[in-house]
Amino acid sequence: MRKLTLLATTAAAALALAACGGTSPAGGGDGGGTPKAGGTLKVSFWPDNATLPCIDPFQVYWIESRSIIRNFADSLTDQDPKTGEIVPWLATSWQISPDGLTYTFKLRDGVTFANGKKLDAQAVADNAAGWIATVKATNGAAYGASYVQGLTGAEVVDPGTVAFHLAKPNSSFLQATSTTNLAITDPAEYQLTPAERCTGKGVVGSGQFVLDHYTAKIETVLTRRTGYAWGSALAKNQGEAYLDKVVFTYVAEDSVRTGNLVSGAIDIAWPRNPFTPQDEQLIQRSGDKVEQRALPGVAYTLFANTADGKVLSDPAVRRALNQAIDRKTYASTVFGANYPVVQGAFDSTTPFFTDKSAKLGYDPDAAQKTLEAAGWTAGPGGIRTKNGAQLTIDYPITGATPGAELLQAQLKKVGINLSLRTLTTAQTTTYLPNGDYDLTGTYFTRADPGALQFILNPDVANSKALARRSASPDGIAKIQALFARAIQSTDAAQTRQAYADLQDFLLDEGVTFPLFERVQKAGFSGKVHGFAFTSESFLKLNDVWKD
């Protein structure tokens, strides 16, 4: 037992140390005096997911929905946004077997779901069975599938103790138990179809709020739960919420959302992309406030199509591409003067993040020399050519892609023609499988570096087509080996080193081209107090109250 406890403690300490050094604050808002009970908080989000509107914890990937879920469905553990440490919540303690295949949790007494049912070891084990069944029913499409890799099931040791069993070690599993996707809900929901659960039907958590209703693309309403008394130790208020109700609405236009905040029509404006500098200044001049925190996980990153015959299959072109991106100017121009500059493949709030700024320096002279050495010579209009073909990179974008024209202008300075192609709705679902691109951008939000494998490891990637084309076969094998070293090790030092090696490899080989740090900003009324972010930069309502 002592050996198991030491192993768990060592891993948690390593995670905490790895998360230190993130440049963005966790947020905390303004205490504002003695909290007052009552009132309705109005929050305006980016539009709901058009293709998969969903409020079921295990299935949903939309970060706005996950932010809502965090406040009505508790998890076994919680993660400190300042340190990355995993701390108790529904579970009071846990132990990891030396082989990394069994995670045993002691549960808190007296916890119930919002419908009064007891949250005990059997309920947790039934959740595990429901997760596995959902993965099968959705052919792995449920977002939670990425959190339960290798999970074979869970058994009841006694009414207050549950043991999860894995087929192979997965060092990310403990962090997974702190996420919204593995929040514990009344297992009766798993008697319904995944589609029914997405509507909110049967979804009952044990959280500080109750899901009153979810009307896809229109609004979601939470109401205060009476008798709640088991908040995470990371919250000042571990009992009943101060707010009576929280109403979330969905607004497409950033300017409308900001206008509603400064006019007092809403209490919190929560954009998908950061506020424009002008909107942020307007909010602050109006007496309201802005909090920010980097979203953990994969930075907004460009990935190349390195398939044979594609222009970015040439390592020299990929190297020149990296050298030609002025990330500091990009950040300040697109997002404002004080916006942080991306420092690597991961955002700075991600555990095991390593600052790789030295590999991301802007050097247009070096880029031109790299291209010259590879046979790309100056051509008409300043665009380089080789064997009669222009150096053109096809970059499909959508209306929400930030700063595409600026990136295009930066690359043109070294003779690269970045061709911007706006996708139709139909094309957004087909261009990756068809390989109809040279460069594409994506990201993944999770406070664990293992998130990147769901982009780059073809065995588990959400888009296997993108993963297979992101590097040569040898490069993919190397990436998989580094992930295996990081995730399957029970030694925290080995995990740290594997992730450090991975971050170097991705940049050295031109697998990833980090473009910008993803920062979640939130504007909130001066009447709102106790604002805070979770470790995944979601909205945490435990301590929020209104004048």
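Residues numbered from 1 in each chain as written. Predicted model: local features only at pLDDT ≥ 70, side-chain atom pairs only at ≥ 80, totals over all residues. Heavy atoms only, no water.

**A look at the packing of aromatic side chains**
We count it as follows: Any two of the Phe, Tyr and Trp rings considered here, Trp counted by its six-membered ring, make a pair once their centres fall within 6.5 Å; the pair's planes then place it as stacked at under 30 degrees, edge-to-face at over 60, or tilted in between. Each residue's exposure class comes from its accessible area (1.4 Å probe, protein chains only) as a fraction of the maximum for that residue type: buried when under 20%, exposed when over 50%, partly exposed otherwise. Placement of a charge over a ring requires the Lys NZ or Arg CZ to be within 6 Å of the ring centre, with the centre-to-atom vector within 35 degrees of the ring normal.
Taken as a whole and judged by the stated rule, the model has 25 aromatic pairs. Relative to Tyr437, the ring of Tyr431 lies with its centre 5.9 Å away and its plane at 85 degrees, an arrangement referred to as edge-to-face. Given the relative accessible area of 10%, Tyr431 is considered buried. Through a chain of ring-to-ring contacts, the aromatic side chains of Phe58, Trp94, Tyr103, Phe105, Trp131, Phe164 and Phe173 assemble into a single cluster. Stacked on the ring of Trp62, the Lys or Arg Arg272 has its end atom at 4.4 Å from the ring centre.

**Here's the deal with the sheet that holds strand E6 (residues 151–158)**
The condition is simple: Pairing between strands is defined by DSSP: at least two bridges between the two strands are required. Secondary structure is summarised from DSSP: a helix means a run of H or I of at least four residues, a strand means a run of E of at least two, and numbering begins at the N terminus for each. The axes used here are C-alpha line fits, helices contributing only the stretch in contact, and every angle between their N-to-C directions lies in the interval 0 to 180 degrees. For this analysis, residues touch if any pair of their heavy atoms sits within 4.5 Å.
Within the open sheet, the 4 strands sit side by side as E4-E5-E7-E6. Their pairing is antiparallel. Bordering the open sheet on either side are strand E4 (91–96) and E6, each of which pairs with just one other strand. The mean inter-strand angle of the sheet, taken between neighbouring strand axes irrespective of direction, is 20 degrees. Relative to strand E7 (residues 161–166), E6 is paired through 6 bridges, and the arrangement is antiparallel. Along E7, the bridge assignment pairs Asp158 with Thr161. Helix-sheet contacts for helix H3 (residues 121–137) involve strand E5 (102–107), E6 and E7, and the interaxial angle to E6 is about 170 degrees.

**Some details on the pairing of E4**
When a strand is regular, its side chains alternate between the sheet's two faces. Where E4 lies against E5, 5 bridges are found, and the strand directions are antiparallel. Within E5, the residue paired with Ile96 across the bridge is Tyr103.

**Notes on the confidence of the model for the protein chain**
The following threshold applies: You can read pLDDT as the predictor saying how much it trusts each residue, on a scale of 0 to 100.
The predicted model of the protein chain averages 93 in pLDDT, with 94% of residues at 70 or higher. This model gives residues 1–25 a pLDDT under 50, and the stretch forms 48 contacts once residues within four places in sequence are excluded.

**A look at the pattern of salt bridges**
Which entries qualify depends on this criterion: In the sections that follow, a salt bridge refers to a side-chain nitrogen of Lys or Arg positioned within 4 Å of a carboxyl oxygen of Asp or Glu.
Following the criterion strictly, the structure yields 19 salt bridges and no others. One salt bridge connects Lys356 with Asp504, and the closest N-O pair in it is separated by 2.7 Å. In this pair, Lys356 is assigned in the loop between helix H9 (327–335) and helix H10 (364–373) and Asp504 in helix H16 (residues 492–508), connecting sequence segments 148 residues apart. Close ionic contact of Asp394 with Arg421 constitutes a salt bridge, the shortest N to O distance being 2.7 Å. In this pair, Asp394 is assigned in strand E16 (residues 392–397) and Arg421 in strand E17 (residues 417–422), connecting sequence segments 27 residues apart. Classification of Arg421 by relative accessible area gives partly exposed; the value is 23%. What you see here is one network of salt bridges that share partners, running through Lys356, Lys359, Asp504 and Asp508.

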